[in-house]
Structures are given as structure tokens and as C-alpha cells.
Amino acid sequence: MSEINSLSDITKNGLCIGCGICESIVGRETIKISMTKKGRLEPQEISPLSNENLNKIKKVCPGVLVEGLPKNEINKNSKFDLIWGYYHSLFYSWSTDSKIRFQSSTGGLLNGLSLYLLESKKVNFILHTGTDPQKPMRSISKYSHNKNELLSSGSCSRYGPASPLDKFHEALDLNQPFAFVGKPCDISAIRQLSKIDGRVNESCKYLLTLVCGGFGEFTKSQDFIESFNVKEENLEIFRYRGNGNPGKMYIKTDTGEEYDKDYNSFWGEESTWRVPFRCKICPDAIGESADVAALDTWPGGSPIGEDEGFNAAIVRTQRGLELLNNAIDAGYIKKGNSLSIEEISDFQPHQVKKKQAVFARHQGMKKNNLPTIETTGLRIKELYDLNDKEFNIKEEEGISKRVDKI
Ligand SMILES: Cc1cc2nc3c(=O)[nH]c(=O)nc-3n(C[C@H](O)[C@H](O)[C@H](O)COP(=O)(O)OP(=O)(O)OC[C@H]3O[C@@H](n4cnc5c(N)ncnc54)[C@H](O)[C@@H]3O)c2cc1C
Ligand code: SF4
Ligand code: SF4
């Protein structure tokens, strides 16, 4: 069985998602995240990585291991579902701030909770992902300290490569309370880091996430602008969605030309998404270890038109429940009807299928002598055992066919 003995064992085997925590651990003089030719953000060793640092990275990297909700976060009030894991409650929700609701990805639940945390002074800043103001097709990790910074950061769904954790240690060094908003793989890295760095739980007070189908490699965005003969250096605005729900994929050039595409026609068939290999073998794309996970609520999984934006909230921890309740009481978040786990599955059929398929995909990697992600508490083997044999064989063979394209 192939093992991980170097940073490049993670990247060359398609296990890296570009989260940036390795760079944050050792510093930019040793590891630098940069865009690869394939359009992924990946770390490069600039100077030799010591064994000690490699071992530290292996303890947190979401390409090496991913775990479910920490046991101490599960209590007698937690409910459980084999696909969706542990949760306290499920309900429709959205930001009561009309600007946030309009600009955000869905209904602004995550930005609305971020605003509440800032204005109630529960945290000093939010570490999240926004648009690079100089190069709007690219994403950057950023700190927001107030409503203005939150709203002006282009911080709705960024469906391209991002390294949300590249400043995580810088944030810890500030020794101030903050919240992190990012993808489930980012949250996993933070949970693992908290086991070896006591400052994480001291300072990073809330972990908020989105249910995540993966992102498109940078080449997908490049092809989009090139289809209108636009060059990256001429972009003034580049938006994947938002300004409505789902809102359009939209660009504006420095000479004022505007182009857009409907959400459904941009994403279309799953086979055209160009998601990185790591996303196809993702054992937790549903934010199992976050305090709260936000998701879209389109029956069947795709929008049939524009609406005002209705998130679903999966409240996973007691801390998440208190946060939601307080934000609702303070008037920042509107709580809609309760939801059942069956409705959540109906909104996210691709997540249900992936959760059922992922163990077979890992088996396919192992059969090809490739390392894969170590998992605990994510039930992927139990789900595999419940599947039809043909389904498992198809998934295992499917990944085997893809390994030479990693
Ligand atoms: C890569 C990706 C995949 C997605 N897949 C799904 C899916 O399968 N199902 C689904 O229901 N919804 C998916 N979404 C959309 C989004 O999760 C939902 O709309 C969710 O309900 C959040 O909506 P919101 O209005 O609360 O978000 P907002 O209030 O707009 O907040 C979005 C938050 O996400 C952060 N963020 C944006 N892009 C990134 C990124 N690339 N990396 C880390 N953090 C980021 C921002 O910093 C911001 O804090 C995806 C979004 C992304 C970025
Ligand atoms: S997934 Fe994150 S920690 Fe792992 S190698 Fe990639 S950037 Fe580094
Ligand atoms: S699908 Fe998984 S690996 Fe890919 S971006 Fe989403 S959470 Fe990360």
C-alpha cells in the first residue's frame, strides 16, 4: 500500500484540496501555495520540509485524514442519520438584512450569522473567503471586522480554487476571538489542528460551513471568460452567483462590457464541473464537524428560477444551536419552517449519492496502490455495506479509470 512520505505524495495522488493549512503551519519560506497548470491551488516545497513539520502537516491535512463530529460535541439531544450524521435541528433560515440576503449565495445565512457574531461582539473578526479585488476571478482568505468589510468582500460562493486557511496561524497569533467560515474540508483541518494546538479552541470560537459539491478548477472560469473574448486582466467584476438566488454567473470588464450565464447552464451536467479529484473522493462534503452547515433548498437539487433566497440550516452542535437561537432572537436571522432529513436529502441528491459511493471510490484507489484518505466517524463503510454490489463495483471501477488523470 502506497504511503504518504512527502508533501508531493499528497499532491501527486490527487489528495490535496489546496486548503493552505500546510503553508500556514510552516510559513511561506518553506511552502508556497500556487496555481498549477491544471487550475488547482497546491503547495510547493520552497525549502526542504523537516520530518517534524511533515508529520505535523500529516496530522491535519484533509488529504490525509478526515473525521466526523468530535465525540464531546455529541450529546443526548443530538439526532442521527446514517447519511447526514449528527445534528440538533434542521430548518429554513435566511438573513433578515435585505442587502446581505440579496448579495449572498443563497439567503445569506452564513454572512448573516457572521454579522451577528461581529455586532454582538462575540468575535472580533471573521476569517472567510472573498474576491481578490485586484484579480476578481481569484479568491483570497480575508478578515472582516465589521459589516462594511463583510459586505464589500465578494464573499458569496466562490466556486473556484481557494486557500481559506493560508492565514489561519496568523489569525491564531492575534490571540483574539474569531469565527471561521469555509468548506467542510477546511473545517476538518481546523478540528484536527485543535488536537495539537490548544490556541485553536481558545480563539476560533465558531466553525460555520456550507454543504459542498466541490468547485471548478480555474480552467473552467478561464474558459468562461474566453468564450466572450475577455482576458483576466480586463475583468472588473467576476461573480459565480449571488445578487439573487441563485443569481447569475456574471462578469464586467474595465470597459463596461457585461456578460452572464444562468446557474443551470454554467453548471449543467455534473461531468462538466471539472472538480478536483479530491472532491470526488470527499468523505465529508456535508460539514459533519462544523457547528452549523448551510445549504440550498431546491427540491430535486437544481433551481427552477430565481427566488429571494432560502437556506436550510443543519445545526450540528450545542454551540451552533445557541448561536442560531441568539441570532434569531436578536433579529439577524429569520427562522422558517422545520425540515425533515428526507427533505434535506431531496435538496441534495448529489451529496447522498457521493456519501454512498465514497468508500467504493477509496477502495478503487487502494486497488491501484494509491494512498487514500483515512476516515473515522463518517460511516462510509456502513453505507458501502448497504449498497447494491453492482453500484459499488461501478464506483470502484469508475475511480480506477480516473486515476491516470489525477
Ligand atoms: C465550492 C462550493 C460548493 C458548493 N456546493 C454546494 C452544494 O453541494 N449544495 C448546496 O446546497 N450548496 C452548495 N454551495 C452553495 C452554498 O454552500 C450554499 O448556498 C449555502 O447555503 C451558503 O449560502 P449562504 O447564503 O448562507 O452563504 P453566504 O452568506 O453567501 O456565505 C458564503 C460563505 O462561504 C464562504 N466561501 C465562499 N466560497 C468559498 C470557498 N471556495 N472556500 C471557502 N469558503 C468559501 C464565504 O467566505 C462566505 O463566508 C457551494 C458553495 C461553494 C463555494
Ligand atoms: S490539502 Fe491543505 S494541508 Fe493538505 S497538502 Fe493540500 S494545501 Fe496542504
Ligand atoms: S467536495 Fe469536499 S474536498 Fe471538495 S471542496 Fe467540498 S468539502 Fe472540500
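A brief look at the structure comes next. (Residues numbered from 1 in each chain as written. Chains lettered and ligands numbered in written order. Predicted model: local features only at pLDDT ≥ 70, side-chain atom pairs only at ≥ 80, totals over all residues.)

Once that is clear, we can look at the overall build of the chain. For the chain, the count of helices and strands is 17 helices and 17 strands. In terms of overall dimensions, the chain is globule-like: its C-alpha atoms have a radius of gyration of 20 Å, near the 22 Å expected for 406 residues. Along the three orthogonal principal directions, the C-alpha set of the chain runs to about 55 × 55 × 45 Å. Across the chain, the fraction of contacts at a sequence separation of at least 24, relative to all contacts at a separation of at least 6, is 72%. (Helix = DSSP H or I, 4+ residues; strand = E, 2+ residues; numbered from the N terminus. Rg over C-alpha atoms; globule rule 2.2 N^0.38 Å. Contact = placed C-beta atoms within 7 Å.)

Let us now look at the site of ligand 3. Taken together, the neighbourhood of ligand 3 is formed by Ile17, Lys183, Pro184, Cys185, Cys212, Gly214, Phe215, Arg278, Cys279, Cys282 and Ala285. Of all the secondary-structure elements, those providing two or more residues to the shell around ligand 3 are helix 8 (184-196) and helix 12 (277-280). Partitioning the shell around ligand 3 into residue classes produces eight nonpolar, one polar and two charged. (Near = placed C-beta within 6 Å. Nonpolar A, V, L, I, M, F, W, Y, C, P; charged D, E, K, R; others polar.)

For the rest of this paragraph, the subject is helix 15 (residues 349-367). In this model, helix 15 (19 residues) spans 28 Å end to end at C-alpha, consistent with the 27 Å of a helix rising 1.5 Å per residue. The sharpest bend along helix 15 reaches about 40° and sits at Ala357. When helix 15 is considered as a whole, its buried residues turn out to be Gln351, Lys354, Lys355, Gln356, Ala357, Val358, Phe359, Ala360, Arg361, His362, Gly364 and Met365. Contact partners of the buried residues in helix 15: helix 12, helix 16 (380-386) and helix 17 (389-402). Positioned one or two residues after helix 15, Asn369 has a phi angle of 60°, which is positive. (Expected span 1.5 Å × (residues − 1). Bend = angle between axes of the 7 residues up to and from the residue. Buried ≥ 20, exposed ≤ 12 C-beta atoms within 10 Å, placed from the backbone.)

A word on the sheet that holds strand 14 (residues 292-295). Ordered in space as 8-7-9-10-14-15-6-16, the eight strands form an open sheet in which the pairing is mixed. On the outer flanks of this sheet lie strand 8 (139-144) and strand 16 (333-338), each paired with one strand and no other. Neighbour-to-neighbour, the strand axes of the sheet open up by a mean angle of 30°, direction not taken into account. (Pairing = 2+ DSSP bridges. Axes fitted to C-alpha atoms, helices over the stretch in contact; angles between N-to-C directions.)

Relative to strand 15 (residues 311-315), strand 6 (residues 89-95) is paired through five bridges, and the arrangement is antiparallel. When the sheet's bridge partners are listed, Leu90 is paired in strand 15 with Ile314. Looking at chain direction, strand 6 and strand 16 are connected through four bridges and run antiparallel. Bridge pairing links Phe91 to Ser338 in strand 16.

A few words now on the site of ligand 2. Taken together, 13 residues surround ligand 2, and among them Cys16, Cys19, Cys22, Cys61 and Gly63 come closest. Partitioning the shell around ligand 2 into residue classes produces 10 nonpolar, three polar and no charged.

A few words now on the sheet that holds strand 11 (residues 235-239). Taken in spatial order, the three strands line up as 11-12-13 in an open sheet, and their pairing is antiparallel. Bordering the open sheet on either side are strand 11 and strand 13 (258-261), each of which pairs with just one other strand. When the angles between neighbouring strand axes are averaged without regard to direction, this sheet yields 10°. Sheet topology note: the strand 12 (residues 249-253)/strand 13 ladder contains four bridges and is antiparallel. For Met249, the partnering residue across the bridge sits in strand 13 and is Lys261.

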